[in-house]
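What follows is the residue order along each chain.
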Amino acid sequence: MTIILQLIQALADSLSALGLPERDIKLSPPNNPDFGDLSSNLALTLTKDVQKNPIQIANDIKDTLKLPKGLIDEITVTPPGFLNFKIGQSYYYQTLAQILSDQNFGRGITGKGKKANVEFVSANPTGPLTVGHGRQAVLGDCVARILQWNSYDVTKEYYYNNAGRQMRILGQSVEARYFNTDLPSDGYQGDYIVDIAEVIRSEKGDNIEHGDPIFQKKAEEIIFEDISKSLKKLNIHHDVFSNEQTFYDDGAIDQTISDLKNKDLIYETDGATWFKGTAIGMDEDRVLIKSTGEPTYRLPDIAYHRNKLERDFNLIIDIFGADHMGTYPDILAALNALDYDTENIRVLIHQFVTLIKGGKKVKMSTRTADFITLEKLTKEIGPDVVRYFFIMRGMNSHLNFDLDLAADQSEKNPVYYLQYAHARICNIIKHGESKGISYQSNYNAKLLNHPAEIRLLKKLDQFPTIIENSLQTLEPQLIANYLHDTANRFHKFYSECHVITEDIDLSNARIALVSATQTVLANGLDLLGISAPDKM
RNA sequence: GCCCCGGUAGCUCAGCUGGAUAGAGCAACGGACUUCUAAUCCGUAGGCCACAGGUUCGAAUCCUGUCCGGGGUACCA
């Protein structure tokens, strides 16, 4: 049982001993370290019901509190009525020992025996991935890593629409380049289309007929290769690729329509087939099949999610850009109408990246070939910097990405702050070995008394809590922020405490502390898919 | 019009399941390397947390309204 749970239990016991009403008790570290390690507003929440001065309530609770010996050093009551707990240092020494005995410190077992699916990127193969796609790529990959770290069996999935209008225009664009004719209206203007046409020419010669499916097929293939390559350079791999066409071929699309029809949720107007969303509480009805006979993306999306639900995942995560905000409720509503339980589906929406170049916003468009590729960015500033840049911000913040600044600042990017801490530790350990000092399990933890040492220890102790929070919220930036704090406390420790000294006992204790810090940093960086270098 | 996200230091953003004195990086200024890596550390400066109300012992955080920016609201994806 963690120290927090023990305290909450003891506080709850006190409440009942005093005949006070029950409360949902919360403990959190106060901003000001003078108030101790954990604080509770418990007494303040009771004032109204009890009609008593909160300070007096807090003192009553304090006096009746029964705690295991050695757990808490000091309990104080401060205005306006907080209960503050100072945790004994021996607790942190135990944490240190725990980290040193377990390289996997921070790993959770929540997902043991459970299967999760994370769908992300899912850009249609109409052109290279852009900087805009990067955010989702990194976010999705980190979410998958968080789940894996918590023992989930994770399938990383990429879904794309290859049967619709977009891909048809792509094929027509390639064809136009091949025959040297005008691009279709809304055609793809990028040079890569010309390159694809040339590949086709060199492989198949000049005698392909108009309308040959090879144009679209080859384009899809080549562009997908390029997308995979860009992702690979960011250390991102998908396990499964699903596409729309499959669901036409295996009849899932027709089946979905007929099942919805059986639920009386389908009607036809103006030659189009509509989904009766209003019948099940939605704001509007939506078109599923256009009057041209071509389905809208919603229909295959429903079929696809049905397919995912039938693959028996315990957790299904969809990661979408803000432009999908309005569409997923329809999908979920349709699935519910088809008697599926959608509780295991979590939809993460991230806001867009606004690109700034030369102080001006860049409007990106794949169609007009007005974009900066993710691959180019990765090449310029490196995968670790790209990943950190995208992950250090919350997903529902709009992100301004200044390309000039990114290139400029890559030298002093905050990710190096974390990596440098790790590299420094490696160097200390190396230096220690040259002096005959290396980690011994019989170190004397009590020698770690310096404020900078204690502060670092307290930070390391928080790691599992941070992991737990990030699992619940699926927000990787919690880990990024935590690692920054940890590196900060390490750097401060480094500047105040020399590790390898003439004092062998102290050196041993500090080597232990530094090794534990290394483990936490390496684990955290791994969660973000960022490398932990031995030297820089 | 309606729905979703945001508005916090000069810039980019943390903090938002209500707590005590609102933080970091960059930019500016001033210090610290005969020592395990100065990609670091220490210090100075910088704020009506968009605005106005409300709830509360207590609001950057919750509620309502207004303003500004982004996205949706398509028989585009």
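Just above sits the structure.
Summarised in this report is the structure supplied together with it.

### Re the side chain of Thr373
Relative to the elements of secondary structure, Thr373 occurs in the loop between strand E13 (360-362) and helix H13 (374-381). Only 3.1 Å separates the side chain of Thr373 from the backbone nitrogen of Lys376, close enough to count as a polar contact. Among residues more than four places away in sequence, those in contact with Thr373 are Pro128, Leu129, Thr130 and Val131.

### Considering the protein's contact with RNA strand B
Near RNA strand B, the surroundings consist of 67 residues, among which Arg393, Asn400, Tyr420, Asn427 and Lys492 are the closest. Considering the 4 Å shell around the protein, atoms of RNA strand B inside it are sugar or phosphate in 63% of instances. The separation between a base nitrogen of RNA strand B and a polar side-chain atom of Asn41 is 2.9 Å. Breaking the surface near RNA strand B down by element, the ones donating at least two residues are helix H2 (42-50), strand E3 (82-87), strand E9 (286-289), strand E14 (399-402), helix H16 (414-434) and helix H19 (477-496). Grouping the amino acids of the surface near RNA strand B by side-chain chemistry returns 22 nonpolar, 29 polar and 16 charged.

### With respect to the pairing of strand E10 (residues 315-321)
The element E10 is largely enclosed, with a buried count of seven among its seven residues. Residues of E10 alternate between two faces, with Leu315, Ile317, Ile319 and Gly321 on one and Ile316, Asp318 and Phe320 on the opposite face, all of them buried. Direction of pairing for E10 relative to strand E11 (residues 345-350): parallel, over a ladder of six bridges. The partner of Ile316 across the bridge, within E11, is Ile345.

### Considerations on the nonpolar core
Counting residues in each nonpolar core, the largest one holds 134 residues, and the members touching the most others are Phe85, Leu147 and Phe401. Taken domain by domain, the makeup of this core includes at least three residues from each of domain 1 (3-87) and domain 2 (93-108 + 413-527). Once you skip the residues sitting within four places of it in the chain, Phe85 turns out to touch Leu7, Leu11, Leu27, Phe35, Gly36, Asp37, Leu38, Leu65, Ile72, Glu74 and Ile75. Core analysis: the second largest hydrophobic core is formed by 25 residues, Phe247, Leu309, Leu335 and Tyr340 among them.

### A look at the sheet that holds E13
The sheet built from three strands is open, its strands ordered E13-E12-E14 with mixed pairing. This sheet does not close on itself; its edge strands, each paired only once, are E13 and E14. Each adjacent strand pair in this sheet contributes to an overall mean axis angle of 40 degrees, direction not counted.

### Remarks on the sheet that holds strand E7 (residues 266-269)
Read across the open sheet, the three strands follow the order E7-E8-E9; overall the sheet is antiparallel. What marks the edges here is a single partner per strand, and that holds for E7 and E9. Between one strand axis and the next, the sheet turns by 45 degrees as a mean value, whatever way the strands run. Examined bridge by bridge, strand E8 (residues 272-275) and E9 share three bridges and lie antiparallel to one another. Paired with Thr273 across the two strands is Ile289, which belongs to E9.

### Quick look at the side chain of Thr296
Inspection of the secondary structure puts Thr296 in the loop between E9 and helix H11 (298-310). Reaching out from Thr296, the side chain makes a polar contact with the backbone oxygen of Val287 at a distance of 2.9 Å. Sequence-distant contacts of Thr296, defined by excluding residues within four places in its chain, comprise Val287, Leu288, Ile289 and Lys290.

### A look at the environment of Lys263
Take Lys263: it is sitting in the loop between helix H10 (252-262) and E7. Owing to a relative accessible area of 37%, Lys263 belongs among the partly exposed residues under this scheme. With 104 residues separating them along the chain, Lys263 and Arg367 place their C-alpha atoms 39 Å apart. Once residues lying within four places of it in the same chain are set aside, the contact partners of Lys263 are Ala337, Leu338 and Asp339.

### Digging into the pattern of salt bridges
Taken as a whole, this structure holds 25 salt bridges when the rule is applied. Glu203 serves as the salt-bridge partner of Lys218, at 2.9 Å between the closest nitrogen and oxygen. Of this pair, Lys218 sits in helix H8 (residues 214-233) while Glu203 sits in helix H7 (residues 191-204), and the two are 15 residues apart along the sequence. Its relative accessible area of 12% is what places Lys218 among the buried residues. For Lys229, the salt bridge goes to Glu375, with nearest N and O atoms at 3.9 Å. Of the two residues, Lys229 is situated in helix H8 and Glu375 in helix H13; the sequence distance between them amounts to 146 residues. Salt bridges sharing common partners tie together Asp141, Arg145, Lys156 and Arg387.

### So, the packing of helix H14 (residues 383-391) against H16
Contact geometry for H14 and H16: axes closest at 9 Å, N-to-C directions at 115 degrees. By the angle between their directions, the pair H14 and H16 is classed as roughly perpendicular. For the pair H14 and H16, the crossing hand works out as right-handed. In this structure, H14 uses Asp384, Val385 and Tyr388 to contact H16, whose residues at the interface are Pro414, Val415, Tyr416, Leu418 and Gln419. Taken together, the residues that form the contact of H14 with H16 break down as six nonpolar, one polar and one charged.

Basis of the calculations
- Residues numbered from 1 in each chain as written.
- Chains lettered and ligands numbered in written order.
- Predicted model: local features only at pLDDT ≥ 70, side-chain atom pairs only at ≥ 80, totals over all residues.
- Heavy atoms only, no water.
- Helix = DSSP H or I, 4+ residues; strand = E, 2+ residues; numbered from the N terminus.
- Polar contact = N/O pair within 3.5 Å; in protein donor to acceptor, adjacent residues only side chain to side chain.
- Contact = heavy atoms within 4.5 Å.
- Near = heavy atom within 4 Å.
- Nonpolar A, V, L, I, M, F, W, Y, C, P; charged D, E, K, R; others polar.
- Buried < 20%, exposed > 50% of the residue type's maximum accessible area, 1.4 Å probe, protein only.
- Pairing = 2+ DSSP bridges.
- Core = buried A, V, L, I, M, F, W, Y, C linked by side-chain atoms within 4.5 Å.
- Domains from an automatic or database assignment.
- Axes fitted to C-alpha atoms, helices over the stretch in contact; angles between N-to-C directions.
- Salt bridge = Lys/Arg side-chain N within 4 Å of Asp/Glu carboxyl O.
- Parallel < 35°, antiparallel > 145°, perpendicular 65-115°, else oblique.
- Left-handed = near helix turned anticlockwise from the far one by under 90°.

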